[in-house]
Amino acid sequence: MDAGAILQKVKQKDPLTNGEARWFGHALSGADVSDAQAGAFAMAVCLNGLSPAARVALTEGMRDSGDVLQWDLPGPVLDKHSTGGVGDPVSLLLAPALAEVGAYVPMISGRGLGHTGGTLDKLEAIPGYVCDIGPQRLRHVVETVGCAIVGATGRVAPSDRRLYAIRDVTATVASVDLITASILSKKLAAGLDGLVLDVKTGSGAFMVDVEDAKHLAQSLVEVSSGAGCPTSALITDMSQPLSSSAGNAVEVVEVMKTLTAERSSDRLLDVSIALGGELLARMKLAESVEAGCSKIREAISSGGAAERFSKMVYAMGGPKDFSETWQCRLPEAPVLQEVFATETGYISAIDSRALGNVVVSLGGGRRLETDRIDPSVGLSQIARIGTKTDRKTPIAMIHATSEIRANQAAEQVRNAITISGKASEQPELIIGGIKP
């Protein structure tokens with residue numbers, strides 16, 4: 001194989017063979033492809049695209065450029081992936097719920113960058129939780145607990161790590177072909193038997209337009225299924241934060257309240273149940289999606305998922321009794337400040353991306369990968385679309401390190417929320433689904 005010849009074919013819109021695409025995906029991790037060639041490939045693909053078969057082969061090559069886990073377990077190895085949003089801690093609910101119904105979940109997750117939160121950052125708000133562990137410990141935790149939410153090691157899909165860094169500086173991030181290969185090369189390296197995808201659309205999503213979200217979901221489902229992993233996807237709403245909190249410790253609070261039935265965050269719970277039900281039905285672990293949803297709901301309402309989550313926290317270095325003592329374990333910001341609307345009316349729109357950026361400005365997110373996060377800051381009690389407002393009822397609560405930061409954030413929150421004189425209905429939460 002020759003990188004230059006492959007580049008010429010993509011440039012001229014000649015279809016790559018599966019062997020060529022697979023070789024290039026694998027070779028990105030080594031010296032057979034230079035940085036200049038990798039950048040040229042990214043730009044050619046961004047402009048001209050790949051055939052569906054070449055997209056699968058590229059993903060497989062990138063997956064196989066590093067470690068691919070193999071499992072020998074008495075149940076299916078399953079996972080979920082979200083394309084990112086604001087106030088979205090579904091993974092923390094769904095992983096233990098799936099484990100409670102007999103699946104094994106080695107969930108390789110990421111950190112937040114930009115306006116979207118990161119699953120690993122949320123978990124690291126729990127004292128002692130260590131996300132970066134080796135494959136042997138991952139195996140042990142998954143085998144004994146049923147689920148583990150961890151970061152990718154340097155040996156997982158190194159081709160993607162290199163190509164992503166090049167895409168970031170060559171204006172080629174927004175390519176469905178390359179987004180698909182990037183997401184799935186890492187996910188499929190976990191050795192999955194099945195996968196469900198949560199593809200977001202709306203003001204807080206990367207795919208703001210619903211048709212773009214459907215296009216990405218279709219690509220992800222086709223490639224993952226083509227690579228041998230049964231997959232389906234749901235298109236879900238991100239026109240407002242999924243839960244009523246956005247941050248790290250504050251989102252863990254939402255999760256624990258839902259898992260322990262102290263208070264259910266309805267939209268968060270509904271999406272978690274819908275994704276779990278879809279996955280169980282896809283894997284023939286439930287007779288229908290409805291039956292799968294019932295299993296996930298029971299796993300959460302019974303307290304089983306909470307206990308499973310607590311065991312995972314302990315196995316990953318956190319406190320042993322987290323499900324019972326979480327109220328006094330999580331970090332709290334020194335300043336709490338309510339945000340009030342400046343007019344009477346109804347919330348008609350929320351700029352979720354702007355709220356995500358408020359969390360970043362408070363210190364709860366990253367503008368650069370090297371930024372350090374304060375897990376205690378963020379937003380809670382975020383009002384929903386359709387909520388009636390006045391000057392005495394708070395529309396959000398700010399968790400900040402100083403009054404100056406809280407005041408700045410309050411103004412940003414008010415600017416992110418549109419109030420009108422007419423009541424608006426809640427947007428549809430589950431917009432559609434994609435199956436192979």
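Position numbers for residues count from 1 along each chain, tracking the sequence in the order it is written. Reporting of local features is limited, given that this is a predicted model, to residues whose pLDDT is at least 70; pairs of side-chain atoms are given and counted only at 80 or more, and all residues count toward the totals for whole chains, interfaces and linings. The side-chain numbers reported here are obtained from all heavy atoms of the structure, hydrogens and water having been left aside.

### Focus: the packing of aromatic side chains
Working step 1: By convention, a stacked pair of Phe, Tyr or Trp rings (six-membered ring in the case of Trp) has centres within 6.5 Å and planes under 30 degrees apart, an edge-to-face pair has planes over 60 apart, and any other such pair is tilted. Within this structure, the stated rule accounts for 3 aromatic pairs.
Working step 2: Seen from their ring centres, Trp23 and Phe24 are 6.3 Å apart, and the 70° between their planes marks the pair as edge-to-face.
Working step 3: Think of it in three bands: residues with accessible area under 20% of the maximum for their type are buried, residues over 50% are exposed, and the middle band is partly exposed, with areas taken using a 1.4 Å probe on protein chains only. Trp23 gets classed as partly exposed once you look at its relative accessible area, which sits at 22%.
Working step 4: Measuring from centroid to centroid gives 6.3 Å for Phe309 and Phe322, while their planes differ by 50°, and the two rings are tilted. With Phe309 in helix 14 (residues 304–315) and Phe322 in helix 15 (residues 322–325), the pair connects residues that are 13 residues apart, well separated along the chain. A run of H or I in DSSP counts as a helix once it spans at least four residues, and a run of E counts as a strand once it spans at least two, with each numbered from the N terminus.

### Points about the pairing of strand 5 (residues 231–237)
Working step 1: For strand 5, the tally of buried residues reaches 7 of 7 residues, placing the bulk of the element in the interior.
Working step 2: Following the backbone out of strand 4 (residues 194–201), through helix 10 (residues 210–226) and into the adjacent parallel strand 5, one traces a crossover that is right-handed.
Working step 3: Strand pairing is defined by DSSP finding a minimum of two bridges between the two strands. As paired elements, strand 5 and strand 13 (residues 430–434) share 4 bridges and run antiparallel to each other. For Thr236, the partnering residue across the bridge sits in strand 13 and is Ile430. Classification remark: right-handed applies to a crossover when, strands pointing away from the viewer, the course from the first strand over the helix to the second runs clockwise.

### Examining helix 3 (residues 35–48)
Working step 1: By this rule, a helix spans an expected 1.5 Å times one less than how many residues it contains. With 14 residues, helix 3 should cover 20 Å at 1.5 Å per step; its first-to-last C-alpha distance of 20 Å lies within 8% of that length.
Working step 2: Listed in full, the buried residues belonging to helix 3 are Ala38, Gly39, Phe41, Ala42, Ala44 and Val45.
Working step 3: Contacts: residue pairs with any heavy atoms within 4.5 Å of one another. In this fold, the buried residues of helix 3 make contact with helix 1 (3–11), helix 2 (18–27), helix 4 (52–63), helix 8 (158–168) and helix 9 (176–188).
Working step 4: Downstream of helix 3 by one or two residues, Gly49 has phi in the positive range, about 80°.

### Some details on the packing of helix 9 against helix 10
Working step 1: The axes are straight lines fitted to the C-alpha atoms, using for helices just the contacting stretch, and the angles between their N-to-C directions are given from 0 to 180°. Interhelical geometry of helix 9 versus helix 10 gives an angle of 45° and a closest axis separation of 10 Å. Between helix 9 and helix 10, the crossing angle belongs to the class labelled oblique. The hand of the helix 9/helix 10 crossing is right-handed. In this structure, helix 9 contributes Val176, Ile179, Thr180, Ile183, Leu184 and Leu188 to the contact, and helix 10 contributes His215, Leu216, Ser219, Leu220, Val223 and Ser224.
Working step 2: Under the scheme applied, nonpolar residues are Ala, Val, Leu, Ile, Met, Phe, Trp, Tyr, Cys and Pro; charged residues are Asp, Glu, Lys and Arg; polar residues are all the others, including Gly. Taken together, the residues of the contact of helix 9 with helix 10 break down into 8 nonpolar, 4 polar and no charged. Any angle that is under 35 degrees is reported as roughly parallel, and any over 145 degrees as roughly antiparallel; angles of 65 to 115 degrees are reported as roughly perpendicular and all others as oblique. Helix crossings fall into two classes, left-handed where the near helix is turned counterclockwise from the far one by less than a right angle and right-handed where it is turned clockwise.

### Describing the sheet that holds strand 13
Working step 1: If you walk across this open sheet you meet the 4 strands as 1-4-5-13, and the pairing is mixed. Both outer strands of the open sheet, strand 1 (78–82) and strand 13, are each paired with one neighbouring strand and no more. Neighbouring strand axes in the sheet, compared pairwise and without regard to direction, differ in orientation by 20° on average.

### As for the sheet that holds strand 11 (residues 394–400)
Working step 1: The 4 strands lie next to each other as 6-9-11-7, forming an open sheet whose pairing is antiparallel. Bordering the open sheet on either side are strand 6 (246–247) and strand 7 (335–340), each of which pairs with just one other strand.
Working step 2: Judged from the 3 bridges that link them, strand 9 (residues 378–380) and strand 11 form a sheet pairing that is antiparallel. The residue of strand 11 that forms the bridge with Leu379 is Ile398.
Working step 3: Relative to the sheet, helix 16 (residues 352–364) contacts strand 6, strand 9 and strand 11, its axis offset from that of strand 9 by approximately 130°.
Working step 4: Helix 17 (residues 403–416) rests against strand 7, strand 9 and strand 11 of the sheet, and its axis sits at about 25° to strand 7.

### Observations concerning unusual backbone geometry
Working step 1: For Ala171, which is not a glycine, the phi torsion comes out positive at approximately 55°.
Working step 2: Mapped onto the secondary structure, Ala171 falls in the loop between helix 8 and helix 9.
Working step 3: We classify Ala171 as exposed; its relative accessible area is 69%.
Working step 4: In this structure, Lys284 is a non-glycine residue whose phi angle is positive, near 60°.
Working step 5: Relative to the helices and strands, Lys284 resides in the loop between helix 12 (266–282) and helix 13 (289–301).

Spatial relationships are all this shows, so hold off on functional conclusions.
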